[in-house]
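# Commentary on secondary and tertiary structure
Each chain is listed here by its residues.
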Amino acid sequence: MAPTATLDASDITEKARRDLLQLLEGVRGKKNLVIEKSLAGPVGLFVKFSTLQEYGVDKVFFLENNNVDSTQRNVIFLARGEKARQVQAIAEQIKRVRRESKQDHEFSIFWVPRRTLVSDQILEETGVLGEVNVAEFQMYFVPLEKTVLSLEMDDAFSDIYLRRDPTAIFLAARALMLLQKSQGLFPRILGKGENAKSLANMLLHMRAEEDIDASSDPSNAHVHSFDLTPSATIDNLIIIDREVDFPTVLLTQLTYEGLIDETFGIQNNQTEVDSSITGAAPSQPPPQQTSGANSQAPAVQPPAPSALKRKILLDSTDKLYTQLRDANFAIVGTLLSRVARRLQSDYDSRHKANQSINELREFVNKLPSYQAEQASLKIHISLADELKKVTNGDLFLRVLEVQQNLAAGADPSTVHEIIEELIARDCSLTTVLRLLCLESCVSGGLRQRDLEHFKRQVLQGYGYQHLLTFAALEKIGLLIPRVSAGAGAYLNPLANPSGAATVTDYNLVRKSLKLFVDDVNESEPNDIAYVFSGYAPLSVRLVQCILQKPYLAQLTNPRTAPAANSQPSTATASGNWKGFEDVLARIKGPTVDEVQKGHNAAASQARKTLQGSGGGQVKTSIVFFLGGVTFAEIAALRYIDGQLGEKRRLIVATTSMIKGDTAVGAGMEGRSFKMR
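Fair warning: this is a prediction, and the values are worked out from it, not measured in the lab. (Residues numbered from 1 in each chain as written. Predicted model: local features only at pLDDT ≥ 70, side-chain atom pairs only at ≥ 80, totals over all residues. Heavy atoms only, no water.)

With that settled, the discussion passes to the overall build of the protein chain. Each helix and strand in the protein chain was counted, giving 28 helices and 15 strands. At a minimum sequence separation of 6, the contacts of the protein chain that also span at least 24 residues come to 80%. (Helix = DSSP H or I, 4+ residues; strand = E, 2+ residues; numbered from the N terminus. Contact = heavy atoms within 4.5 Å.)

Further remarks concern the side chain of Arg-649. If you trace the backbone, Arg-649 turns up in strand E15 (residues 648-654). Despite being buried, Arg-649 has no salt bridge partner; Asp-8 is the closest side chain of opposite charge, sitting 6.6 Å away. (Buried < 20%, exposed > 50% of the residue type's maximum accessible area, 1.4 Å probe, protein only. Lys, Arg positive; Asp, Glu negative; His and termini not counted. Salt bridge = Lys/Arg side-chain N within 4 Å of Asp/Glu carboxyl O.)

A few words on the sheet that holds E15. Spatially, the 7 strands line up as an open sheet ordered E6-E7-E15-E14-E9-E8-E13, and their pairing is mixed. Looking at which strands have only one partner, the edges of the open sheet turn out to be strand E6 (142-145) and strand E13 (591-595). Taken over all neighbouring pairs, the strand axes of this sheet differ in orientation by 20 degrees on average, direction set aside. Bridge count between strand E7 (residues 148-150) and E15: 3 bridges; the pairing is parallel. Each bridged residue has a counterpart across the sheet, and for Ser-150 the counterpart in E15 is Thr-654. Contacting E6 and E7, helix H1 (residues 9-25) crosses the sheet at an angle of about 135 degrees to E6. (Pairing = 2+ DSSP bridges. Axes fitted to C-alpha atoms, helices over the stretch in contact; angles between N-to-C directions.)

Among all residues save glycine, negative phi is the norm, and among peptide bonds the norm is trans. The linkage connecting Val-112 with the following residue, Pro-113, adopts the cis geometry, with an omega of -10 degrees. As for its placement among the helices and strands, Pro-113 is situated in the loop between strand E4 (106-112) and helix H5 (117-125). Here Asn-268, not a glycine, exhibits a phi torsion of approximately 55 degrees, which is positive. Position of Asn-268 relative to the elements: it lies in the loop between strand E10 (266-267) and strand E11 (270-274). Look at Asn-269: it is not a glycine, yet its phi comes out positive at around 65 degrees. The exposure class of Asn-269 is buried, given its relative accessible area of 10%.

Position of Thr-126 relative to the elements: it lies in the loop between H5 and strand E5 (132-136). C-alpha separation for the pair Thr-126 and Glu-92, spaced 34 residues apart in sequence, amounts to 8.1 Å. If near-sequence neighbours (up to four positions away) are discounted, Thr-126 is found in contact with Gln-88, Ala-91 and Lys-95. Among the polar contacts listed, one links the side chain of Thr-126 to the backbone oxygen of Leu-123, at a separation of 3.1 Å. (Polar contact = N/O pair within 3.5 Å; in protein donor to acceptor, adjacent residues only side chain to side chain.)

Moving on, we come to the sheet that holds strand E3 (residues 74-80). As summarised here, the arrangement of the 5 strands in space is E2-E1-E3-E4-E5, forming an open sheet in which the pairing is parallel. Here the strands that pair on one side only, and so sit at the sheet edges, are strand E2 (57-62) and E5. With direction set aside, neighbouring strand axes in the sheet form an average angle of 20 degrees. Relative to E2, strand E1 (residues 31-35) runs parallel, the two being bridged by 5 bridges. If you follow Asn-32 over to E2, its bridge partner there is Lys-59. Against the sheet, helix H2 (residues 37-44) engages E1, E2, E3 and E4, with an angle of about 95 degrees to E3.

With that settled, the discussion passes to the nonpolar core. Membership of the largest hydrophobic core comes to 154 residues, with the highest contact counts inside it found for Leu-513, Leu-538 and Phe-624. Apart from the residues lying within four places of it in its own chain, the contact partners of Phe-624 are Phe-141, Leu-151, Ala-172, Leu-176, Leu-199, Leu-237, Ile-238, Ile-239, Ile-240, Ala-653, Thr-654 and Thr-655. Core analysis: the next-biggest nonpolar cluster, separate from the first, contains 25 residues, Val-27, Ile-35, Phe-49 and Phe-62 among them. (Core = buried A, V, L, I, M, F, W, Y, C linked by side-chain atoms within 4.5 Å.)

Under the counting rule described, the total for this entry stands at 33 salt bridges. The shortest N-O distance in the salt bridge between Glu-106 and Arg-73 comes to 3.7 Å. Of this pair, Glu-106 sits in strand E4 while Arg-73 sits in the loop between E2 and E3; the two residues are 33 residues apart in sequence, bridging distant segments of the chain. A relative accessible area of 31% places Glu-106 in the partly exposed class. Under the relative-accessibility criterion, Arg-73 is labelled partly exposed at 43%. Among the ionic pairs, Asp-527 bridges to Arg-541, the shortest N-O distance being 3.1 Å.

Quick look at the structure:
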C-alpha cells in the first residue's frame, strides 16, 4: 500500500550508508578500496573514512590514479558501470595487481548504481569476469540538503544534449521509481521539454512493467512491493528539461551561493579556495593509520591537493551560511555587518556587572556556539571580500552589462562591440562563448553573418581547434544559426507536425511570463527575479504556472487580476497547466500532463478514508531538473517555498548541479593542434 510518511532526505542518506556498509561487511578481512573520483564526494556525504576503517578498509585509492597496491588480499572497486572507460580501467588494474603480486587476491566490484551488460561484456573480453565478485550498490539520489536531492551525475548534461545518450534519463526514471515505491505514485506528472516527455514515458512504462510482474507472479510477491495508490503526501512531480531554459544557466548567478560557485566552484557541498583568502584550516589530529603518499580518502576527509588550498564546507550545518546563501550578493555585506554587531554585543554582555550565577552559566554554555559562529563569520567575510573584488572588476561589469541587456530584450547588435572588445582583450573563451550562446538562445539563433564573424575572431584568437567547439555547441543547441526558412516554425508552433515549438519565442515568453522585472527589490525580495537582479528564471516561472497561478496572473496582467492576489503567499496549487496553454505552446518542446491512479479504485478510496481528508497534511511538490540545476534556481524555489505556506513544501531534485561554464565546457575542445 502507499506509505503516508513524508519524504525525508535523512532516510535516503541512511539507506545508502547502510547498503554500502553491508557490502563492505560481506567481504571479510582487511581490504583496499579503489573508488572512482566522481563517487568519492557523494559517498563522503553519508559515510566517514573512520567508519570505512571500522568495516575493514585499510587504504583508499582513486581509480583514475592507477596506483592500487597489493598489500591486502581483498581489493574492492567502487565505480559506475555505465562508462566503458571505467570498466576497462578496472580490468587493467586487476590484471596488473594479479601479474605483479605474489599472493592470491579476492577482487570485488560494486557497480553504482547498477550492473550493466556492457560492463560484463568488457570484463569477459579482458578475461577477468570469472575471478571477480560483482554486486550492485544502488545509490541513486544523494541528499545535498534536506530539500535538495541530486544524482550527482557530472556528465549528465553532455550525455543528454551532446552525445544524445539516454542513460541519464533512464537512471533518473529508476531513481524516481524508487521514490514512488516508498512514497506512493505521483498523482500527477507535469513537465516541459522533449526529454521531460521521455522521462515521463519511462516512468509510466516502468510502472506498467511492475504491474505485469505483479499479475504474473503466482505468489503475489510483487503486489506488496508495488501495488501502490497515489501518494498521500506528494502532490505532483514537475519535470523541467534543461533544454527548455538554457539562458538561465548561461547568465551569471548573483546570489551569494551562486557567485561562490561561479568564482570558486562548489562540489558536493564544498568549495576550495586559496588559504591566503580565508586563512589556513584549523589543525586536525592525524588519523590513527596512515597509508602512504598515494592513498586517498573520500571527500569527507581528503588530503589537501595543495598546502595553499583550503576546503570549506557549505551546507545547512553552518547557520550563518543558511542566512546568506540565497541572498542577492548586493546585500550580503549588510547581513554580515549585522551578524558581527550582534556577536560583539553578546560578547560585551559578559562584562555586565552583577550577573547571577545562572546568567554566567548560560553564557558559558553558549560559548562554543559563539566561537563556531565567529569562525564562520570570519570565513564568510573573507569570501565576500574576495567576491567583492571580482564583482567590482571591469571585466565582470562588462559581461554583466551584456547579459542584462540580452535578458531584458535589447537589440543583440548593440552588445556585439563589447563582445568583440572582450575577444580583443583575450578574455576567457568560456566567458565569450557564454555571451554568444546567450544571444543565440534568446534570439532564436545568431544571424549567419554575425555567427561567421565571431567564429572567425574566435578561431584566430583562441585556435582553430575550436571549429570542433562550434560544431559541438550547435549540436547541443546552445549556439545555432538563425535560419530564415524556419521562420514559420519559429513564429507558429503549429508548423511543427508534433504540435510542439522547435524554438522558444523569447520575445513573447518574456512579456507573457514577465521574465524581466525592472524594479526588483534585492534587500526584501517580492519576486524570484532578485536572484539575477532583474531576470526571473523561465524554469522557475514554469513552476509558478502550476503552483502560483493567481500571483503570476496578477504579475503579468495586473489590471485584470484581483488585488487580493497581489501577494505570492496567497497562491494555491492547482496542479495543472490550465491558463498558460498559449505561452507553453511558444516554448520549445512538448508539454507533459499525466495523471496516475491506483488500479483498485475501492482500495484507493478505502485507504484515502483511513488516511483522512489530508487537510492537515503537508503536501509536497517535487521539481526535477533533467540536465542540471543552478544554485540561483534553487534559491528562487526556496523563495517560492516560503510563500506557499506551511501546508506545502518543495523538494528540488536534479541529475547534477550546473553553471554556465559547465554547460559551455561540455562542448569545448580541450585538445590543440601541434606543429610537427
